[in-house]
Amino acid sequence: MSEPRTFPYSLHDDHFIVEAGAQRWLLDTGSPVTVGSDPIQLGSLTHEASDNYLGVNIDSLQEMVGVEFDALVGMDVLSQTSLLIDKAEKRVHFGAPAGDGNSPPLTFAAGIPIIELAVNECNTKLFFDTGAKITYLPSRLLGNSRQVRTVDDFYPGLGPFSTPVFRVQATIGDQETEIETGQLPEQLEAMVGLMGVDGILGNSAWHDQDLWFSPGECQIAFDTATEQQSAHPF
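Only a predicted model underlies this, so the values are computations on that prediction, with no experimental measurement involved.

## Looking at the overall build of the chain
At step 1: Counting secondary structure elements, the chain contains three helices and 19 strands.
At step 2: For 234 residues, the compact-globule estimate of 2.2 N^0.38 gives 17 Å, and the chain sits close to it at 17 Å.
At step 3: Principal axes of the C-alpha set define a box for the chain whose edges measure 50 × 40 × 30 Å.
At step 4: A total of 234 residues make up the chain; the buried ones form 52% of that total.
At step 5: Look at the contacts in the chain between residues 6 or more apart in sequence, and 59% of them connect residues 24 or more apart.
At step 6: For the chain, the exposed area adds up to about 10600 Å²; of that, 45% sits on carbon and sulfur atoms.
At step 7: Charged side chains of the chain number 11 positive and 33 negative; the gap between the two group centres comes to 5 Å.

## Examining unusual backbone geometry
At step 1: For D14, which is not a glycine, the phi torsion comes out positive at approximately 65°.
At step 2: In this structure, D14 sits in the loop between β1 (5–12) and β2 (15–20).
At step 3: Look at L54: it is not a glycine, yet its phi comes out positive at around 55°.
At step 4: Relative to the assigned elements, L54 resides in the loop between β6 (45–47) and α1 (58–65).

## Overview of the packing of aromatic side chains
At step 1: Taken as a whole, this structure holds 10 aromatic pairs when the rule is applied.
At step 2: Ring centres of Y9 and F16 lie 5.3 Å apart, and the angle between their planes is 70°; on these two criteria the pair is classed as edge-to-face.
At step 3: The class of Y9 is buried, set by a relative accessible area of 7%.
At step 4: Ring geometry for W206 against F222: centres 5.8 Å apart, planes inclined by 55°, an arrangement best described as tilted. Here W206, found in the loop between β17 (199–201) and β18 (209–214), pairs with F222, found in strand β19 (residues 219–224); they are 16 residues apart in sequence, far enough to count as distant.
At step 5: Among the aromatic residues, ring-to-ring pairing joins Y9, F16, F128, W206, F213 and F222 into one connected group.

## Some details on the pairing of strand β3 (residues 23–27)
At step 1: The buried fraction of β3 amounts to four of the five residues, a majority that puts the element mostly inside the structure.
At step 2: With antiparallel pairing between neighbouring strands as the criterion, β2 and β3 make up a hairpin whose turn holds two residues, including G21 at a positive phi of roughly 70°.
At step 3: Pairing of β3 with strand β7 (residues 71–73) involves three bridges; the strand directions are parallel. Its bridge partner lying in β7, L26 is registered against L72.

## A few points about the confidence of the model for the chain
As a note on interpretation, predicted positions should not be read in detail where pLDDT is low.
At step 1: Averaged over the chain, the pLDDT score is 89; the fraction of residues at 70 or greater is 93%.
At step 2: Here β19 stands out as the least confident element of the chain, with mean pLDDT 84; β7 is the most confident, with 97.
At step 3: Ignoring residues within four places in sequence, the model shows residues 225–234, a span with pLDDT below 50, making 22 contacts including any to other chains.

## A closer look at the environment of P138
At step 1: Along the polypeptide, P138 turns up in the loop between β13 (135–137) and β14 (146–155).
At step 2: Sequence separation of P138 and N120 is 18 residues, and the distance between their C-alpha atoms is 12 Å.
At step 3: Not counting residues up to four positions away in its chain, the partners in contact with P138 are L184, E189 and D198.

The rules we used
- Residues numbered from 1 in each chain as written.
- Predicted model: local features only at pLDDT ≥ 70, side-chain atom pairs only at ≥ 80, totals over all residues.
- Heavy atoms only, no water.
- Helix = DSSP H or I, 4+ residues; strand = E, 2+ residues; numbered from the N terminus.
- Rg over C-alpha atoms; globule rule 2.2 N^0.38 Å.
- Buried < 20%, exposed > 50% of the residue type's maximum accessible area, 1.4 Å probe, protein only.
- Contact = heavy atoms within 4.5 Å.
- Areas by Shrake-Rupley, 256 points an atom, 1.4 Å probe, with all protein chains shown as cover.
- Lys, Arg positive; Asp, Glu negative; His and termini not counted.
- Charge placed at Lys NZ, Arg CZ, Asp CG, Glu CD.
- Phe/Tyr/Trp six-rings, centres within 6.5 Å; stacked < 30°, edge-to-face > 60°.
- Pairing = 2+ DSSP bridges.
- pLDDT = per-residue confidence, 0-100.

Rendered as structure tokens:
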């Protein structure tokens, strides 16, 4: 893709729904594949979509998310470009150049990005998953954290579930913050554990920050949106 492509987005239950011309996309860095009924077009590239992921098709995904969209766009597509999610403008810029920001270590497993960060003073590896509305950690990392509520969610292959939500201290790159995290269901904990990963970093962990993500350069950067005002630091 030779030049940036910019589309507006909206949030639905903390999922990014991108208005990409004639199609609506749900951005999901936690999925290795794109799911939909029709091919998607990004820049000069056309990408074929899979009809399901872990046995879940686009109709089931729409029902679980609670909003209509044409494709769940996964890492098979997103790995071929960079993206900037601009919270102030509510736009996604594909093909955006690099810039300064808070940059935690980034690796990959089976094509899915992994971020290293500290939670309750414990070093962890978490899948970076824009398809997850909230962060999920195993009970061993929650310690004596304060429970604040419960949340209903879903995971392809696992289906709907309910989990308690806690407030934990986290250090992402060089920034210390407090985030909400759900407790990983046992089946999901076993699945991520097989890949040497502790949990999932969801969208609520960086709700006040912009994101620049470039899989090809193996880089990710966050920046606090409230500090940007009219000028963008990236």
